[in-house]
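One letter stands for each residue in the lines below.
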Amino acid sequence: MSALDGRVVAIAGATGGLGPAVARALAAHGATLALTDVDAAKLDALAAELALPAERVDVRTVDLLDPDATAAWAAALVERFGTVAGLAHLVGGWRGGEPLPSAPLEDWTLLHDLLVRTVQHTSRAFAGPLLDSGHGRFVLVSSKQAQAPTFTNAAYGAAKAAAEAWTLALADGFAQQEADDPRRATANVVVVDAIATAAMVEGKADSAYRTFADADDIAAAIAYVLGDGASAMNGQRLQLHGGTRR
């Protein structure tokens, strides 16, 4: 059996820069996938690429900025599958590059919605199902900017820090609610510098991409955190940045 056989894992932001790699990795580990994003055509293309049997995939466009729609998504998955064992939160976005005094505060509004509100809504909607599953896993992908913000990325760093704090608070709640077995549900953060795909770095081994985390490596880390091997890991930041590329 594969590590995630029979487990339903929801992927928020499934068609973004990291989503397809994560979906492929989780499918290879035997997971049943619940994919969501805002672009139906991209979702359908990803589902077609994965070629999973119908009973192992669920595809829906969901507005994760709408708490009711997010809650309805979680409820629909529980109704269909009976349980949801994991949620990988991959919703991303970036605005930055300007010094803090002149950076438009509208960037904060956009990033707060994308990087904080969506985490709030998914965590609240899925907390119950994850606990009920007996081995629930919530995984957030974050950035080193959350802990080491730069002068030209203040809004991005602040939004990532808020999303991390929210996730770690969820981890604390899981630990408190499961006093008899604190490993039953977990929430953790996977931290990267930036995400590199094969197309980005091909022929550029000496470029700035050398500190970026490979999308497939990040996907492998997420698959590990979602599995039983990481059952004692809760409220942790798994850092995947700072090294040199192979």
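A brief structural summary.

Parameters at a glance
Residues numbered from 1 in each chain as written. Predicted model: local features only at pLDDT ≥ 70, side-chain atom pairs only at ≥ 80, totals over all residues. Heavy atoms only, no water. Helix = DSSP H or I, 4+ residues; strand = E, 2+ residues; numbered from the N terminus. Buried < 20%, exposed > 50% of the residue type's maximum accessible area, 1.4 Å probe, protein only. Contact = heavy atoms within 4.5 Å. Areas by Shrake-Rupley, 256 points an atom, 1.4 Å probe, with all protein chains shown as cover. Polar contact = N/O pair within 3.5 Å; in protein donor to acceptor, adjacent residues only side chain to side chain. Axes fitted to C-alpha atoms, helices over the stretch in contact; angles between N-to-C directions. Left-handed = near helix turned anticlockwise from the far one by under 90°. Nonpolar A, V, L, I, M, F, W, Y, C, P; charged D, E, K, R; others polar. Pairing = 2+ DSSP bridges. Parallel < 35°, antiparallel > 145°, perpendicular 65-115°, else oblique.

Some words on the overall build of the chain
1) Next: When you go through the chain residue by residue, the secondary structure sums to seven helices and nine strands.
2) Next: Expressed as a percentage of its 246 residues, the buried residues of the chain come to 46%.
3) Next: The contacts of the chain with a sequence gap of at least 6 include a subset with a gap of at least 24, amounting to 70%.
4) Next: Total accessible area on the chain stands at roughly 11,300 Å², and carbon and sulfur atoms take up 53% of it.

Digging into the environment of Ser 143
1) Next: Tracing the chain through its elements places Ser 143 in strand β5 (residues 136-143).
2) Next: For Ser 143, a relative accessible area of 1% corresponds to the buried category.
3) Next: Here the alpha-carbon distance between Ser 143 and His 241, two residues 98 residues apart in the chain, equals 9.1 Å.
4) Next: Every residue in contact with Ser 143, bar those within four places of it in the chain, is listed here: Tyr 156, Lys 160, Glu 164, Val 191, Val 192 and Asp 193.
5) Next: Within the structure, the side chain of Ser 143 is placed 3.0 Å from the backbone nitrogen of Gln 145, a separation counted as a polar contact.

Some points on the packing of helix α1 (residues 19-28) against helix α2 (residues 40-50)
1) Next: Interaxial distance between α1 and α2 falls to 11 Å at its minimum, and their mutual angle equals 35°. Of the two possible hands of crossing, α1 and α2 adopt the one that is right-handed. Side by side, α1 and α2 meet where Pro 20, Ala 23, Arg 24 and Ala 27 of the first sit next to Leu 46, Glu 49 and Leu 50 of the second.
2) Next: For the contact of α1 with α2, the class distribution of residues is five nonpolar, no polar and two charged.

Some remarks on the environment of Val 59
1) Next: Tracing the backbone shows Val 59 in strand β3 (residues 57-61).
2) Next: Sequence spacing of Val 59 and Thr 36 is 23 residues, and the spatial spacing of their C-alpha atoms is 6.1 Å.
3) Next: Setting aside anything within four residues of it in sequence, one finds Val 59 in contact with Leu 35, Leu 43, Asp 44 and Ala 47.

Brief notes about the sheet that holds strand β4 (residues 86-89)
1) Next: With parallel pairing, the seven strands of this open sheet are ordered in space as β3-β2-β1-β4-β5-β6-β9. Sheet topology places β3 and β9 (237-239) at the edges, where each strand pairs with a single neighbour. Each strand axis lies, on average, 20° off the axis of its neighbour in the sheet, ignoring direction.
2) Next: The pairing of β4 with β5 spans four bridges and is classified as parallel. Counted as the bridge partner of Leu 87 is Phe 138 from β5.

A short note on the pairing of strand β6 (residues 185-192)
1) Next: Burial within β6 is extensive, with eight of its eight residues counted as buried.
2) Next: Covered by surrounding structure in β6 are Ala 185, Ala 187, Val 189 and Val 191 together with Thr 186, Asn 188, Val 190 and Val 192, the residues of both alternating faces.
3) Next: Both β5 and β6 contribute to a ladder of eight bridges, which runs parallel. In the strand pairing of β6, Leu 140 is matched with Val 189.

Quick notes on the packing of helix α4 (residues 106-133) against helix α5 (residues 154-177)
1) Next: Axis separation between α4 and α5 bottoms out at 8 Å; the angle between their running directions is 15°. It follows that α4 is roughly parallel to α5 by the angle criterion. Crossing of α4 over α5 shows right-handed handedness.

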